[in-house]
Amino acid sequence: VRFIVVHKADLATGREGALEQVIGKLFTDKDKVYEDADVIIYQPPVQPSNKSQTLPLVGLGNGWHRVEQNPLHRWTGSNVTNGNAYVWLGIPPGAEGHYRLKLTAYAYKSARTLSVLLNGNSLLTRQIGTAFEDIEVDLGTLAVGNYDLLLQVKEPPENPQGDERKLSIGVTRISVERVGSK
């Protein structure tokens, strides 16, 4: 990330209080490269380039509900017709290597069958109960490129009483980690 653009009008609404706190902890006035009546632009400090420390890029795709608190988690099932959720994984140059997916998950209401697929290839299928479970999946050796991880749930999502959302699997932690050294 080379620049962070903050729109002052968005902060003025008060709805972005958490974002404002994060920005306050990350940046000081010396990090401002531009400011006018509408925006503040911050430039993150330049980190030394070290190819051995290059990390994968990971992002949540569709199928995820908004983050919730106590415990901090997200539910799958926002697709409404299924409980599936996508995770995008990008391996930039210098980050090639052997990886594993680690997550902590639990099922809504009753046990559910979770399959983890990487670019359509099934890597794991198992029953997830209603208690927190730590799950590790070997993703194998990943070359430079983009990968689609699918958390596929066999059973359809369900509505909690008085809630319009469809819920399937709750995830409290998800990470993609390099196994060993390159």
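Above this text is the structure in question.
Computed from a prediction, not measured in an experiment: that's the story for all the values here. (Residues numbered from 1 in each chain as written. Predicted model: local features only at pLDDT ≥ 70, side-chain atom pairs only at ≥ 80, totals over all residues. Heavy atoms only, no water.)

With respect to the helices and strands, L167 occurs in the loop between β11 (145-153) and β12 (169-178). In contact with L167, not counting residues within four places along its chain, are H65, W75, T76, Y108, R112, P157, E158 and P160. (Helix = DSSP H or I, 4+ residues; strand = E, 2+ residues; numbered from the N terminus. Contact = heavy atoms within 4.5 Å.)

The side chains of a regular strand alternate between both faces of the sheet. With seven bridges joining them, strand β8 (residues 112-118) and strand β9 (residues 121-128) adopt antiparallel strand pairing. Bridging from a neighbouring strand, R112 pairs with I128 of β9. Between β8 and the antiparallel strand that follows it, β9, lie two residues; N119 among them carries a positive phi value of about 50 degrees. (Pairing = 2+ DSSP bridges.)

For the rest of this paragraph, the subject is the environment of A37. With respect to the helices, strands and loops of the structure, A37 is situated in the loop between β2 (32-35) and β3 (39-42). Separated by 28 residues in the primary sequence, A37 and A9 place their C-alpha atoms 9.3 Å from one another.

Within the secondary structure, E133 is located in strand β10 (residues 133-142). At 2.7 Å, the side chain of E133 forms a polar contact with the side chain of R126. The residues contacting E133, other than those within four sequence positions of it, are L103, T104, A105, R126, Q127 and I128. (Polar contact = N/O pair within 3.5 Å; in protein donor to acceptor, adjacent residues only side chain to side chain.)

Here we come to the sheet that holds β11. Spatial ordering of the open sheet is given by β4-β6-β11-β8-β9, a layout of five strands whose pairing is antiparallel. The open sheet is flanked by β4 (57-60) and β9, the only strands paired with a single partner. Along the sheet, successive strands turn relative to each other by an average axial angle of 15 degrees, direction set aside. (Axes fitted to C-alpha atoms, helices over the stretch in contact; angles between N-to-C directions.)

Moving on, we get to a nonpolar patch on the surface. A cluster of nonpolar side chains, F3, V33 and Y34, forms an exposed patch at the surface whose accessible area comes to about 280 Å². In this fold, F3 is placed in the segment before β1 (4-7). Judged by its relative accessible area of 40%, F3 is partly exposed. (Patch = residues over 30% accessible without salt bridge, like charges linked within 9 Å, V, L, I, M, F, W, Y side chains within 5 Å. Areas by Shrake-Rupley, 256 points an atom, 1.4 Å probe, with all protein chains shown as cover. Salt bridge = Lys/Arg side-chain N within 4 Å of Asp/Glu carboxyl O. Buried < 20%, exposed > 50% of the residue type's maximum accessible area, 1.4 Å probe, protein only.)

Further remarks concern the sheet that holds β1. Strands sit in the order β1-β3-β2 across an open sheet of three strands; the sheet is antiparallel. Every interior strand has two partners, whereas the edge strands, β1 and β2, have only one. In this sheet, adjacent strand axes meet at a mean angle of 15 degrees when their direction is disregarded. The sheet contact formed by β1 and β3 spans four bridges and is antiparallel. If you follow V5 over to β3, its bridge partner there is I41.

None of this, on its own, says anything about what the molecule does.
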